[in-house]
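One letter stands for each residue in the lines below.
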Amino acid sequence: MDNLANILTVARLALLPPIILLLFIDKPWAAWSVLALYSAGAITDWLDGFIARRWNQVSDFGRFMDPISDKIFVVSMMVMLIATHRIEGVTIVAVIIILAREFMVSGMREYLGPKNIQLPVTGLAKWKTTVQMIATGLLILEPVSMTASYTGLGLLWIATILTVATGWSYVSEGWKYLSGGAD
């Protein structure tokens with residue numbers, strides 16, 4: 001916690017309790033408040049890494065905590081969108097696919113990391129994350145705008161398609177090392 005990048009990583013987690021509480025308030029002001037807090041958290045997802053690289057603030061704590069913080073933030077938001085009925089029915093399958101991919105890729109990276117094998121983030125995966133973050137933000141606004149909600153649901157399905165594509169790419173690459181086919 002000795003630099004700005006690490007503070008931003010932890011701040012993302014600190015935003016979750018007020019976000020969770022406000023999501024249970026079905027009022028427009030609460031939705032806008034959640035969107036503001038969520039947006040701040042989403043921005044820290046990019047900003048902590050940028051600052052760490054730009055200002056040479058890369059640390060063991062950051063390498064360990066940033067991906068964990070990202071996963072906790074994404075999982076919490078998806079679960080809360082289901083809990084508050086912003087995501088319902090068959091669209092819950094999209095969330096399950098997204099979360100399964102997140103855990104699978106994280107697990108694969110965790111397994112391959114000690115073997116000095118990295119699965120770098122792809123450009124398509126960055127697009128997946130961007131679409132998923134926009135979809136989540138729009139779904140937060142369901143009490144304010146059904147148009148935003150429907151657009152968010154559509155984008156969530158697009159993010160799911162990108163999730164499957166990037167997940168397949170990572171698994172195909174990782175499988176080479178898991179099955180002993182690559183050196």
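The structure displayed is predicted, hence computed values, not measured ones. (Residues numbered from 1 in each chain as written. Predicted model: local features only at pLDDT ≥ 70, side-chain atom pairs only at ≥ 80, totals over all residues. Heavy atoms only, no water.)

1. Overview of the overall build of the protein chain
Logical step 1: Looking only at helices and strands, one finds seven helices and zero strands in the protein chain.
Logical step 2: Its C-alpha radius of gyration of 17 Å places the protein chain within 12% of the 16 Å reference for a compact globule of 183 residues.
Logical step 3: Taking the principal axes of the C-alpha coordinates as reference, the protein chain spans close to 55 × 40 × 20 Å.
Logical step 4: Scored against the burial criterion, the 183 residues of the protein chain give a buried share of 41%.
Logical step 5: Partitioning the intrachain contacts of the protein chain with sequence separation of at least 6 by distance along the chain shows that 77% fall at a separation of at least 24.
Logical step 6: Total accessible area computed for the protein chain in this model is approximately 9,900 Å², and 69% of it derives from carbon and sulfur atoms.
Logical step 7: Between the mean site of the 13 positive side-chain charges and the mean site of the 13 negative ones, the protein chain shows a separation of 4 Å. (Helix = DSSP H or I, 4+ residues; strand = E, 2+ residues; numbered from the N terminus. Rg over C-alpha atoms; globule rule 2.2 N^0.38 Å. Buried < 20%, exposed > 50% of the residue type's maximum accessible area, 1.4 Å probe, protein only. Contact = heavy atoms within 4.5 Å. Areas by Shrake-Rupley, 256 points an atom, 1.4 Å probe, with all protein chains shown as cover. Lys, Arg positive; Asp, Glu negative; His and termini not counted. Charge placed at Lys NZ, Arg CZ, Asp CG, Glu CD.)

2. Looking at a nonpolar patch on the surface
Logical step 1: Taken together, the side chains of Leu4, Ile7 and Trp55 make up a nonpolar region of the molecular surface, amounting to roughly 310 Å² of accessible area.
Logical step 2: Relative to the assigned elements, Trp55 resides in the loop between helix H3 (28-54) and helix H4 (60-83).
Logical step 3: Take Trp55: its relative accessible area is 53%, and that puts it in the exposed class. (Patch = residues over 30% accessible without salt bridge, like charges linked within 9 Å, V, L, I, M, F, W, Y side chains within 5 Å. Salt bridge = Lys/Arg side-chain N within 4 Å of Asp/Glu carboxyl O.)

3. A word on the packing of aromatic side chains
Logical step 1: Scanning all chains against the criterion turns up two aromatic pairs.
Logical step 2: Ring centres 5.7 Å apart and planes at 5 degrees place the aromatic pair Tyr38 and Phe73 in the stacked group. With Tyr38 in helix H3 and Phe73 in helix H4, this residue pair connects regions lying 35 residues apart in the sequence.
Logical step 3: Classification of Tyr38 as buried rests on a relative accessible area of 6%.
Logical step 4: Here the aromatic rings of Trp46 and Phe50 are separated by 5.0 Å at their centres, their planes lie at 20 degrees, and the arrangement is stacked. Note that Trp46 and Phe50 are positioned in helix H3 at a spacing of four residues, about one turn of the helix.
Logical step 5: In this structure Phe50 comes out as partly exposed when scored by relative accessible area, which is 30%.
Logical step 6: When the ring centre of Tyr170 is taken as reference, the NZ or CZ atom of Arg109 above it lies at 4.9 Å. (Phe/Tyr/Trp six-rings, centres within 6.5 Å; stacked < 30°, edge-to-face > 60°. Lys NZ or Arg CZ within 6 Å of the ring centre and 35° of its normal.)

Read these as spatial facts, not as claims about activity.
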